[in-house]
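So you can see what is in the structure, the chains are spelled out below.
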Amino acid sequence: DRRPRQVTSVQFVAHAVRLPPRPKAAALAGSALSAPVRPQPGLARDILIVVDEDSMDAASGLVARRAVERFIDRLAPTDRAGLATIPRLRTSISLTTSSRDIRKEISRVITGTADEAPGQYWIGLSEALEIGRNDESTIRKVIERECRGTYPGGVDANCAREVVAEARQLALRTHARGQRTVDALRQLADGLRQIDGPKTMVLVSGGVPAPETSSAYPRLADAFARAQVTLYTIHFEGSRMS
């Protein structure tokens, strides 16, 4: 949120480690996570690529798929990678050394399906979030803009109420979307605990709105710490949540 944050703890996680043999299957977020066992454990990484489908439109999704494909091409032959989509987790998620299999999964990613029908008024997302926080200056500005000329003596009271109600509904839907996204990330982290050693998660997103509950981020951080997951983010500016 462009505010300075205090660093409370720092942990170095080395990825160049010698990994023990892995189980052939483990549960991940209520799904089947399959990871082939390496005949001779060596230097390798386990990487889960996560695409936030609801945060990007169709055009950004196409760019995202191409970026993920380039990322896959740069992995070492012994690296295991998989693909997951949020907030709707798939029934099966696998980690594999086969770049061909991962590319097939990438081709199935569909973004832009969560587009909502436009409302009656032109209310920006940032404006809706401010109105949801009862920011009086934003409320006055949007009402003046949207309800100007609707009543001979000034602003129509019905229009003003409708504008505020529509903005608050948009804010509620946005926070709910953020909650679903954070919950899905936490489920993935909980599932990754089944795999020994450090893991890497690469989140491809157009932005995650603030969730409904203030405890969502601390719970997510705890889940990542327990699973030894290091999170990297590829953010697509200009997407729905930018």
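Residues numbered from 1 in each chain as written. Predicted model: local features only at pLDDT ≥ 70, side-chain atom pairs only at ≥ 80, totals over all residues. Heavy atoms only, no water.

Draft legend 1. Seen up close, helix H3 (residues 125-132). Among all positions in H3, only Glu127, Ala128, Leu129 and Ile131 are buried. In the core, the buried residues of H3 are packed alongside helix H4 (136-147) and helix H5 (157-192). One or two steps after H3, the chain reaches Asn134, where phi turns positive at roughly 60°. (Buried < 20%, exposed > 50% of the residue type's maximum accessible area, 1.4 Å probe, protein only. Helix = DSSP H or I, 4+ residues; strand = E, 2+ residues; numbered from the N terminus. Contact = heavy atoms within 4.5 Å.)

Draft legend 2. View of the nonpolar core. Within the largest apolar cluster, 21 residues are counted, with the highest numbers of intra-cluster contacts made by Leu48, Val50, Ile86, Leu185, Leu188, Leu192 and Met201. Among the secondary structure elements, those contributing two or more residues to this core are strand S3 (46-52), strand S4 (80-86), H5, strand S6 (199-205) and helix H6 (216-227). Sort the elements by how many residues they give to this core and H5 lands first, with six residues. Once residues lying within four places of it in the same chain are set aside, the contact partners of Leu185 are Val50, Ile86, Met201, Leu203, Leu220 and Phe224. Counting 17 residues, the second-largest nonpolar core is a separate cluster that includes Leu83, Val109, Val204 and Phe236. (Core = buried A, V, L, I, M, F, W, Y, C linked by side-chain atoms within 4.5 Å.)

Draft legend 3. Molecular detail of the packing of H3 against H4. Running from N to C, H3 and H4 point in directions that differ by 125°, and their axes come no closer than 9 Å. By the angle between their directions, the pair H3 and H4 is classed as oblique. For the pair H3 and H4, the sense of crossing is left-handed. Note on element contacts: H4 touches H3 through Thr138, Ile139, Lys141, Val142 and Arg145, opposite Glu127, Glu130 and Ile131. Counted by class, the contact of H3 with H4 contains three nonpolar, one polar and four charged residues. (Axes fitted to C-alpha atoms, helices over the stretch in contact; angles between N-to-C directions. Parallel < 35°, antiparallel > 145°, perpendicular 65-115°, else oblique. Left-handed = near helix turned anticlockwise from the far one by under 90°. Nonpolar A, V, L, I, M, F, W, Y, C, P; charged D, E, K, R; others polar.)

Draft legend 4. Fine view of the confidence of the model for the protein chain. Per-residue pLDDT for the protein chain has a mean of 81; in total, 81% of the residues score no lower than 70. Confidence drops under a pLDDT of 50 for residues 17-27, and excluding neighbours within four residues, the segment shows 36 contacts in the predicted structure. In this model residues 37-42 is a low-confidence stretch, pLDDT under 50, and it forms 19 contacts with partners more than four residues away in sequence or in other chains. (pLDDT = per-residue confidence, 0-100.)

Draft legend 5. Quick peek at unusual backbone geometry. For the peptide bond that leads from Ile86 to Pro87, omega is 5°, which places it in the cis range. Within the secondary structure, Pro87 sits in the loop between S4 and strand S5 (92-94). For Asn134, which is not a glycine, the phi torsion comes out positive at approximately 60°. Note that Asn134 resides in the loop between H3 and H4. Overall, the relative accessible area of 44% leaves Asn134 in the partly exposed class. The backbone of Gln228 sits at a positive phi, close to 55°, despite the residue not being glycine.

Draft legend 6. Spatial organisation of the layout of surface pockets. Space inside the largest pocket adds up to approximately 1,700 Å³. The class makeup of the residues in the lining of the largest pocket is 19 nonpolar, 16 polar and six charged. (1 Å grid on protein atoms, 1.4 Å probe; cavity = no way out; pocket = protein on both sides within 12 Å on 5 of 7 lines; lining within 4 Å. Points joined across faces, edges and corners; volume = space filled by probe spheres on them.)

Draft legend 7. A look at the environment of Ala157. Summarising the element assignment, Ala157 is placed in helix H5. A C-alpha to C-alpha distance of 9.6 Å links Ala157 and Ile143, two positions 14 residues apart in sequence.

Draft legend 8. Structural detail: the pattern of salt bridges. Under the counting rule described, the total for this entry stands at 13 salt bridges. Ionic pairing is found between Arg103 and Glu69, a salt bridge with its closest N-O pair at 3.7 Å. Of the two residues, Arg103 is situated in helix H2 (residues 99-107) and Glu69 in helix H1 (residues 58-73); the sequence distance between them amounts to 34 residues. Of the charged contacts, one joins Glu130 and Arg133 as a salt bridge, the two residues approaching to 2.9 Å between their closest N and O atoms. You can call Arg133 exposed: its relative accessible area is 51%. Three or more residues are tied together by salt bridges with common partners; here these are Glu127, Lys141, Arg145 and Glu146. (Salt bridge = Lys/Arg side-chain N within 4 Å of Asp/Glu carboxyl O.)

Draft legend 9. Layout of the sheet that holds S3. The strand order across the open sheet built from four strands is S4-S3-S6-S7, with neighbouring strands paired in parallel fashion. Each edge of the sheet is formed by a strand with only one pairing partner; in this case those strands are S4 and strand S7 (229-235). Going from strand to strand, the sheet's axes swing by 20° on average, the running direction of each strand aside. Taken together, the seven bridges between S6 and S7 define a ladder with parallel strand orientation. Bridging across to S7, Met201 finds its partner in Leu231. Sitting on the sheet, H1 touches S3, S4 and S6, and the angle it makes with S3 is about 175°. Together, S3, S4, S6 and S7 form the strand contacts of H5, whose direction differs from that of S6 by roughly 160°. (Pairing = 2+ DSSP bridges.)

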